[in-house]
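Chain by chain, the residues run as shown.
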Amino acid sequence: MAGPSGTTLALDGDGLETVIAAVRQRGYTVIAPTVRDGAVAYEPITSAAALPRGVGDEQGPARYRLRERDDDALFGFAAAPSSWKRYLYPPATTLWRARRDEHGTLLFDESAAAVPRYAFLGVRACELAAILVHDRVFAGAAHPDPTYAARRRELFIIAVHCGSPSGVCFCTSMGTGPRAREGFDLGITELLDTATPRYIVEAGSPAGLELLESLAASPATVQDLEAAQAVTDVATEHMGRHLETGGLPEMLQRNLEHPQWDDVAARCLSCGNCTMACPTCFCSDDVEAQAPDGETSARVREWASCFSHDFSYIHGGTVRETVRSRYRQWMTHKLGTWWEQFGTSGCVGCGRCIAWCPVGIDITEEAAAIRASDGRGRGSA
Amino acid sequence: MQPKLAVWKFSSCDGCQLTLLDCEDELLEVAGQVEIAYFLEASRAVVAGPYDLSIVEGSITTADDVERIREVRRMSRHVVSIGACATAGGIQALRNFADVREFTSVVYAHPEYIHTLDRSTPPSAHIDIDFELHGCPIDKGQLLEVITAFLHGRRPQIASHSVCVECKRRGTVCVMVSKGIPCLGPVTHAGCGAICPAFNRGCYGCFGPADTTNIPAFVGALSAAGMSDFDLVRVFRTFNAEAPAFREASMAAEAAEDRR
Ligand code: SF4
Ligand code: SF4
Ligand code: SF4
Ligand code: SF4
């Protein structure tokens, strides 16, 4: 239960406020869940008062609603609509600017924007796993992405282990949650066994330990640690979804012509919501913001989706013309070929693609339907 | 010599041409790059053709329009049509689903003076078009990109994805999923920046159908969420009623309504 460093504290609501203050004192902008437009959103906060008190969520295919809880939990909900990727890998990033000087020579300006120092408070286990996936994609490769790598280096992560999974959660299947195991600076479990919530806070890194040791709070008791473990043990039993992962990449590869791909193609709108909402989807498009006189230009990277027609446009035409080919590409990449490419699953089980698909297409159901008649789709594509 | 730009109006409300005037600062930059040879909305000075780039607003609704659009094509190196009228017949294409003679007899004291075609069609039904820019009205950023692209001899970078992609990029919480508000975003061409959902309204489909979509499946989902066939006909018959994918959807819903 205790973090690698061995220090775990028990705090009350005021104690949580001191954690936020201590993080801010160290120069971080704290991004945390708050309620906006009838949903939980991860936004800058300055006090625990902005956290969603007594708010829970109901999530299902194509459905998300907030609900009132009968307690004062500050973290009583599951993954929010928009993931943390917005902060580490923004929807639009200017990569460089170019201009032509008086001799007609092109001059490039690659100076990056100032790097924000974020502290994410309330990162769920699945979301932390998604950040670790992006580390491999953006920071681990031979050519790290400078924007991501710089933001990531400055990041302080306060994970919150889950006590209230939603109807679309399946981190247990993916081995990512509901308890975060690695990659956080501080890890928090919210205990709701007393009139007001308590917070069991463990350190997961030297920076987290330094911060914890600066607080005047009592260490967690053995009972506290047991209670914290029980929170995620219970959560494990309440997953909304399940995905059978045994041999999944191979299973998909041998079913590339399965009739289920036609079935899902008849329902899929090719709208791209799943990819935008997914915390690990990383595709982008580079567009040129050229001035009408052609003398200056900026290269802007924008989030893109493999469900768009022009995404696979290469000289002469679009490679993936049909919705079937696009859904298959997305799902087999997420659950299968991602392993070859990055040594990990591309899906962390957060369920966002299920909740935010306007027609409620469920990746766990699609995979199960193919597995149920494994072999009907033999052949290569 | 600077390239010559012409802006033509057919049956339309002028909103799209106004978008060009609305570009203000950027318009001066564009004006510095081209000779604005024909743009009656902005200036009465007219320079004779041929033109390097003709921007066409409006749909074809009279026999005279048919002649004039052909003339525009003959005089122009590139023709770009802008707006729902010039890409899908506009709101006046609602006549395509009814009897135009009946309309004129109800509306006008002397219907015999009205010379109009039975159908409102986009210029592309009559001539070859080099690029179609969607929207009711069009987005000014997209218009500048299209003009800039033609000035520099490259393909315009106009994304073909759905409004949902823009909605997610700007961080709006989906109104369909979180509030049950019907929204045409999933099947609508991006371009506006997903304005309506940001104001808690569903998308009205101003930019017409997205390049690749699955409207029958979407209609099924709207019906399942409680939308009547009558309302389905209405949502697909607005500014882009004659766009083939929207036309099919409204015809199918109308047929379903008739069967009831
Ligand atoms: S998938 Fe797991 S870690 Fe993610 S929100 Fe749900 S319960 Fe929490
Ligand atoms: S594929 Fe779906 S469930 Fe998996 S990580 Fe992406 S959004 Fe979450
Ligand atoms: S699976 Fe759903 S969210 Fe994804 S493209 Fe298809 S309809 Fe859109
Ligand atoms: S609000 Fe409309 S446009 Fe935005 S994501 Fe939802 S369905 Fe798409």
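Throughout this document, residue positions are counted from 1 along each chain, in the order its sequence is written. Just so you know, chain letters begin at A and ligand numbers begin at 1, following the order they were written in. Local features in this predicted model are restricted to residues whose pLDDT is 70 or higher, and side-chain atom pairs enter the listing and the counts only when it is 80 or higher, whereas totals over whole chains, interfaces and linings include all residues. Values shown for side chains rest on all heavy atoms present in the structure; no hydrogens or waters enter the calculation.

1. As for the overall build of chain A
And then number 1: Helix and strand definitions follow DSSP, with helices as H or I runs of at least four residues and strands as E runs of at least two, each counted in order from the N terminus. Scanning chain A for helices and strands turns up 13 helices and 15 strands.
And then number 2: Taken over C-alpha atoms, the radius of gyration comes to 22 Å for chain A, in line with the 21 Å a tight globule of 381 residues would show.
And then number 3: C-alpha extents for chain A along the principal axes are approximately 65 × 65 × 35 Å.
And then number 4: Counting the 381 residues in chain A, one finds 56% classified as buried.
And then number 5: Here the analysis covers contacts within chain A between residues at least 6 apart in sequence; of these, 72% occur between residues at least 24 apart.
And then number 6: A 1.4 Å probe and the Shrake-Rupley method give the accessible areas. Residues count as covered only by the protein chains that appear here. If you sum the accessible surface of chain A, you get close to 15,700 Å²; carbon and sulfur atoms cover 51% of it.
And then number 7: As used throughout, the charge tally considers Lys and Arg to be positive and Asp and Glu to be negative, leaving His and the chain termini uncounted. Just so you know, the charge point we use is NZ for Lys, CZ for Arg, CG for Asp and CD for Glu. Charged side chains in chain A number 36 positive and 48 negative. The centres of these two groups are separated by 4 Å. In this setup the radius of gyration rests on C-alpha atoms only. A globule is expected at 2.2 Å times the number of residues raised to 0.38. Burial classes follow relative accessibility: with a 1.4 Å probe on protein chains only, a residue under 20% of its type's maximum area counts as buried, one over 50% as exposed, and anything between as partly exposed. Contacts are assigned to residue pairs that have any heavy atoms within 4.5 Å of one another.

2. Section: the overall build of chain B
And then number 1: Along chain B, the regular secondary structure elements total twelve helices and five strands.
And then number 2: Over its C-alpha trace chain B gives a radius of gyration of 19 Å, about what one expects of a compact globule, namely 18 Å for 260 residues.
And then number 3: If one aligns the C-alpha atoms of chain B with their principal axes, the spans along those axes are about 60 × 50 × 30 Å.
And then number 4: The 260 residues of chain B split such that 50% are buried.
And then number 5: Partitioning the intrachain contacts of chain B with sequence separation of at least 6 by distance along the chain shows that 69% fall at a separation of at least 24.

3. Remarks on the domain arrangement of chain A
Residue and element names in this part refer to chain A.
And then number 1: Partitioning chain A into structural domains gives domain 1 (8-237) and domain 2 (248-372).
And then number 2: In this entry, domain limits derive from an automatic or database-based domain assignment. For domain 1 and domain 2, the distance between their C-alpha centroids amounts to 25 Å.
And then number 3: Across the contact, 43 residues belong to domain 1 and 42 residues belong to domain 2.
And then number 4: Overall, the association of domain 1 and domain 2 removes approximately 3,400 Å² of surface from exposure, summing both partners, and the carbon and sulfur fraction of that is 59%.
And then number 5: When two components associate, each loses some accessible surface as probed by a 1.4 Å sphere; the sum of these losses over both components is called the buried area. Considering only the side of domain 1, the residues that lose the most area to domain 2 are K85, Y89 and F170, jointly responsible for 18% of the buried surface there.

4. Quick notes on the packing of helix α11 (residues 323-342) of chain A against helix α13 (residues 363-372) of chain A
All names here are of chain A.
And then number 1: Working convention: axes come from line fits to C-alpha atoms, limited for helices to the stretch in contact. Angles between N-to-C directions cover 0 to 180 degrees. Two elements in contact, α11 and α13, have axes separated by 12 Å at closest approach and are oriented at 90°. Classified by the angle their axes make, α11 and α13 are roughly perpendicular. Mapping the contact onto sequence places Y327, W330, M331 and L335 in α11 and I363, E366 and A367 in α13.
And then number 2: Note on residue categories: nonpolar means Ala, Val, Leu, Ile, Met, Phe, Trp, Tyr, Cys or Pro, charged means Asp, Glu, Lys or Arg, and polar means any other residue, Gly included. Residues of the contact of α11 with α13, tallied by class, amount to six nonpolar, no polar and one charged. An angle below 35 degrees is read as roughly parallel, one above 145 as roughly antiparallel, one from 65 to 115 as roughly perpendicular, and any other as oblique.

5. A look at the sheet that holds strand β7 (residues 106-109) of chain A
Residues and elements named next belong to chain A.
And then number 1: One bridge is not enough; two strands pair if DSSP finds at least two bridges between them. Strand order in the open sheet formed by four strands is β7-β6-β13-β12, and the pairing between neighbours is antiparallel. In this open sheet, the two edge strands, each paired with only one partner strand, are β7 and β12 (284-290). In this sheet, adjacent strand axes meet at a mean angle of 25° when their direction is disregarded.

6. A word on the packing of aromatic side chains
Residues and elements named next belong to chain A.
And then number 1: Within 6.5 Å between ring centres, the rings of Phe, Tyr and Trp (the latter by its six-membered ring) count as paired, and their orientation is classed by plane angle as stacked under 30 degrees, edge-to-face over 60, tilted in between. Counted according to the given criterion, the structure contains 23 aromatic pairs over all chains.
And then number 2: Plain terms: the ring middles of W84 and F120 are 4.5 Å apart, the flat faces sit at 25° to each other, and that makes the pair stacked. On the criterion of sequence distance, the pair formed by W84 in the loop between β5 (63-68) and α2 (85-88) and F120 in strand β8 (residues 118-123) is long-range, its members being 36 residues apart.
And then number 3: For W84, a relative accessible area of 2% corresponds to the buried category.

7. As for the interface of chain A and chain B
And then number 1: Across the boundary between the two partners, chain A contributes 42 residues, which contact 36 residues of chain B.
And then number 2: Of the roughly 3,000 Å² buried where chain A meets chain B, counting both sides, 54% is carbon and sulfur surface.
And then number 3: When the area that chain A buries against chain B is broken down by residue, the three leading residues are A:L269, A:Q290 and A:P292, summing to 21%.
And then number 4: One speaks of a salt bridge when a side-chain nitrogen belonging to Lys or Arg is within 4 Å of a carboxyl oxygen belonging to Asp or Glu. Where chain A packs against chain B, one counts one salt bridge.
And then number 5: In the analysis that follows, any N or O atom pair within 3.5 Å is treated as a polar contact, provided that within protein one partner can donate a hydrogen and the other can accept it, and provided that, for residues neighboring in sequence, both atoms belong to side chains. Counting every contact that joins chain A to chain B gives 21 residue pairs in polar contact (both at pLDDT 80 or more).
And then number 6: Listing elements by their share of the side of chain A that touches chain B, those giving two or more residues are β5, α9 (260-267), α10 (273-277), β12, β13 (296-303) and α11 of chain A.
And then number 7: In terms of residue count, the dominant contributor to the side of chain A that touches chain B is β12(A) (four residues).
And then number 8: Along the lines of polarity and charge, the residues of the side of chain A that touches chain B split into 24 nonpolar, six polar and twelve charged.

8. Some thoughts on the side chain of A:T189
Residues and elements named next belong to chain A.
And then number 1: Mapped onto the elements, T189 comes out in strand β10 (residues 186-191).
And then number 2: For T189, a relative accessible area of 0% translates into the label buried.
And then number 3: A polar side-chain atom of T189 sits 3.5 Å from a polar atom in the side chain of R179.

9. Here's the deal with the site of ligand 4
And then number 1: Think of it this way: one heavy atom of a residue within 4 Å of a molecule or strand is enough to make that residue near it. Around ligand 4 sit A:N273, B:V163, B:C164, B:C167, B:K168, B:C174, B:V175, B:M176, B:C183, B:G185, B:P186 and B:P197, and that is every residue in its neighbourhood.
And then number 2: Flanking ligand 4 are residues from chains A and B.
And then number 3: Elements represented by at least two residues in the shell around ligand 4 include exactly α7 (163-170) and α8 (175-179) of chain B.
And then number 4: Of the residues forming the shell around ligand 4, the biggest block, four residues, is contributed by α7(B).
And then number 5: Considering only residue class, the shell around ligand 4 consists of nine nonpolar, two polar and one charged.

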